[in-house]
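One letter stands for each residue in the lines below.
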Amino acid sequence: DDIRAFAKELVEKEIERHAADGLGMVDYALASGGAVVVEHSEPYMYPKGTPWYKLKNQNGVHPDAQKMLEPSFGEPGRCFPLKGNNGFVTIILRSPIIPEAVTLEHVAKSVAYDRSSAPKDCRISGWFQGPDAAAAGAQSRQGEKKFLLSEFVYDLDKSNAQTFKVESTDAGIVNMIRLDFASNHGGPHTCIYRLRVHGHEPDSVALSKLES
Amino acid sequence: DDIRAFAKELVEKEIERHAADGLGMVDYALASGGAVVVEHSEPYMYPKGTPWYKLKNQNGVHPDAQKMLEPSFGEPGRCFPLKGNNGFVTIILRSPIIPEAVTLEHVAKSVAYDRSSAPKDCRISGWFQGPDAAAAGAQSRQGEKKFLLSEFVYDLDKSNAQTFKVESTDAGIVNMIRLDFASNHGGPHTCIYRLRVHGHEPDSVALSKLES
Amino acid sequence: DDIRAFAKELVEKEIERHAADGLGMVDYALASGGAVVVEHSEPYMYPKGTPWYKLKNQNGVHPDAQKMLEPSFGEPGRCFPLKGNNGFVTIILRSPIIPEAVTLEHVAKSVAYDRSSAPKDCRISGWFQGPDAAAAGAQSRQGEKKFLLSEFVYDLDKSNAQTFKVESTDAGIVNMIRLDFASNHGGPHTCIYRLRVHGHEPDSVALSKLES
Ligand SMILES: [K+]
Ligand SMILES: [K+]
Ligand SMILES: [K+]
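First, a word on what this report is: a plain description of the structure on this page. Bear in mind the structure is a predicted one, so any value in this text is a computation, not a measurement. (Residues numbered from 1 in each chain as written. Chains lettered and ligands numbered in written order. Predicted model: local features only at pLDDT ≥ 70, side-chain atom pairs only at ≥ 80, totals over all residues. Heavy atoms only, no water.)

## Focus: the relation of the copies chain C and chain A
Then step 1. Relative to chain A, chain C is turned by 120° and slid 0.0 Å along the rotation axis, the superposed coordinates differing by an RMSD of 0.0 Å. Taken together, the rotation angle and the small translation identify this as a three-fold axis. (Least-squares fit on C-alpha atoms with pLDDT ≥ 70 in both.)

Set out below in structure tokens:
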């Protein structure tokens, strides 16, 4: 009976976590929460498609780029493809946070056609951009100090959503996040299924100091 | 071995229920099943957005109101926000039913940015509106007799999808449901993630009497 | 402790499979992977809707037909309805494969309003259509040799996603799949929630022989 109670509780807890966006962790980079992709390296365009420059929105971002900030539902193709085996993505979070971890997700092995497009060597940076700059177009500007939050390798043999802790607290409060990938798993282009950013919101005193 | 068989069966059953829209209960208020939001109190508009009166469709309903009749997939933001800490929503079900229970859902604690927008003191009413009235615009009319189906408190410490039984059978067959919330959990606006209505379809004799 | 470890592993494995598009099997008929519906029998049109001939796209396909190649998320209504109790659907896969199994899915019993629209006696055929024909409009042409891949009955008492093995290897490499249903479970129209096609990609030598 003890065992049965244990099994029941375990199953319920694990399904609850799965139902809670897969990880049960707050994601400040979620599109439906207000996060936005503000910049990215050249997208990979399928043959015979509309030319890239015609698809750009006013910020120079591809209309499909937001897919990186949305759930993938176990479906291959629910990603944003970037040209080549290296590139970057910059996002503005839904609100300023003290970052604790990031999650990079690719499609699960069991349903993937090909995982050579998965990113491999990755770096995550973060910084704070004042409300004026953020409102004015939000591209990352030269000269801004970016803090390294995490450096990791996305491993095809592990779970498809891989979470990496932020080791340093140097960054303090951030609202901008940039993912740079220097390599992928062998393909001619690189697909980003989803990037999540975890952490906690600063108290209002700390935030008002930063913004003043 | 008995235990292993028990565990396997338990896991399969619980995942099956989860895959069946989370609860494994028929929902007559589901948008993809044909239910429609026909009226609601003033929506909460984000700063700098389009003014509300410009967004109204011909029935006076916000285009995003249907989100209350759709799955939320564990994502904060997949809801419809109403102004203030009290308000209401009226829906027409996909078909007339004898109501047995309602489910009110908010976002799960583990992924929420803030749950002060969850409704608290709630009342669910139901009534039958003949096909002519329903076709003609479907706003709830004064003078129509509404039956109280359930009165409850949405509790932040329980599971995020909370089901409440309909205690009385006075209402008989209904195709209209109204949720009134008199308070929320402390926020300046109130978000409704999803409202479901459970029950069974009446036999055709009972239904034809009602409609004649 | 052994039991606990067993339970934990079981739960994680089953949730991982559920998260991997429900079955943890690659689906070459998935819309987000590039598969497309190219032909179908007459759709079932809801009363008072736009007439069917006005909705046809240039290939004679209804804009909602792609729903058959997308996840259903346990929601009744996320399907494509065809007129009557018999009909067919033809699709072009994302890439040529050696087919091993097909999965036909209807809505789960626990959330269904009515399952009389489920298909019953089914046949799956497959064949290869060269790139020229595929590009030129992709309707199935008379005289093309179609191979029978599977013949089965969709059973309302089993799991809602039912997988059937391809028994014969006669077909070889295929990129076209046709589902014919000769009966349904009693309703006036037939809903196809989802059709999946499983298999493996041929080596490039085999493929280039076929295409030359
Ligand atoms: K995605
Ligand atoms: K929702
Ligand atoms: K579907």
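Now that the structure has been shown, we can carry on.
## Digging into the packing of aromatic side chains
Then step 1. Counted under the stated rule, the structure contains nine aromatic pairs over all chains.
Then step 2. Arranged with centres 5.3 Å apart and planes meeting at 45°, the rings of A:Y28 and B:Y113 form a pair that is tilted. Highlighted residues: A:Y28 in the loop between α1 (2–19) and β1 (36–40) and B:Y113 in the loop between β3 (87–105) and β4 (121–127), drawn from two different chains. The pair formed by A:Y28 and B:Y113 is uniform in burial state, with each residue classed as buried.
Then step 3. Ring geometry for B:F152 versus B:F164: centroids 3.8 Å apart, planes at 10°, classification stacked. Residue B:F152 is located in strand β5 (residues 147–153), and its partner B:F164 is located in strand β6 (residues 161–165); the two are separated by twelve residues in the primary sequence. Of the two residues, B:F152 and B:F164, neither departs from the other in class, the shared state being buried. (Phe/Tyr/Trp six-rings, centres within 6.5 Å; stacked < 30°, edge-to-face > 60°. Helix = DSSP H or I, 4+ residues; strand = E, 2+ residues; numbered from the N terminus. Buried < 20%, exposed > 50% of the residue type's maximum accessible area, 1.4 Å probe, protein only.)

## Side note on the environment of A:W127
Then step 1. In this structure, A:W127 sits in strand β4 (residues 121–127).
Then step 2. C-alpha separation for the pair A:W127 and A:A171, spaced 44 residues apart in sequence, amounts to 6.4 Å.

## Topic: the interface of chain C and chain A
Then step 1. Taken together, the contacts link 22 residues of chain C with 18 residues of chain A.
Then step 2. When the two sides are added together, the surface that chain C and chain A hide from each other amounts to roughly 1800 Å², 69% of it contributed by carbon and sulfur.
Then step 3. Connecting chain C to chain A are zero salt bridges.
Then step 4. Along the contact surface separating chain C from chain A lie five residue pairs in polar contact (both at pLDDT 80 or more).
Then step 5. Ranked by residue count, the leading element in the side of chain C that touches chain A is helix α1 (residues 2–19) of chain C, at eight residues.
Then step 6. The residue makeup of the side of chain C that touches chain A, split by class, is twelve nonpolar, four polar and six charged. (Contact = heavy atoms within 4.5 Å. Buried area = accessible area lost by both parts, 1.4 Å probe. Salt bridge = Lys/Arg side-chain N within 4 Å of Asp/Glu carboxyl O. Polar contact = N/O pair within 3.5 Å; in protein donor to acceptor, adjacent residues only side chain to side chain. Nonpolar A, V, L, I, M, F, W, Y, C, P; charged D, E, K, R; others polar.)

## Details of the packing of α1(A) against helix α1 (residues 2–19) of chain B
Then step 1. It is the contact of α1(A) with α1(B), at a shortest axis distance of 10 Å, that shows an interaxial angle of 30°. Looking at the two axes, α1(A) sits roughly parallel to α1(B). Pair α1(A) / α1(B) crosses with right-handed handedness. Taking contact as the criterion, the partners of A:I3, A:R4, A:A7, A:K8, A:V11, A:I15, A:H18 and A:A19 in α1(A) are, on α1(B), B:I3, B:F6, B:L10, B:V11, B:E14, B:I15 and B:H18.
Then step 2. Across the contact of α1(A) with α1(B), the residue classes break down as ten nonpolar, two polar and three charged. (Axes fitted to C-alpha atoms, helices over the stretch in contact; angles between N-to-C directions. Parallel < 35°, antiparallel > 145°, perpendicular 65-115°, else oblique. Left-handed = near helix turned anticlockwise from the far one by under 90°.)

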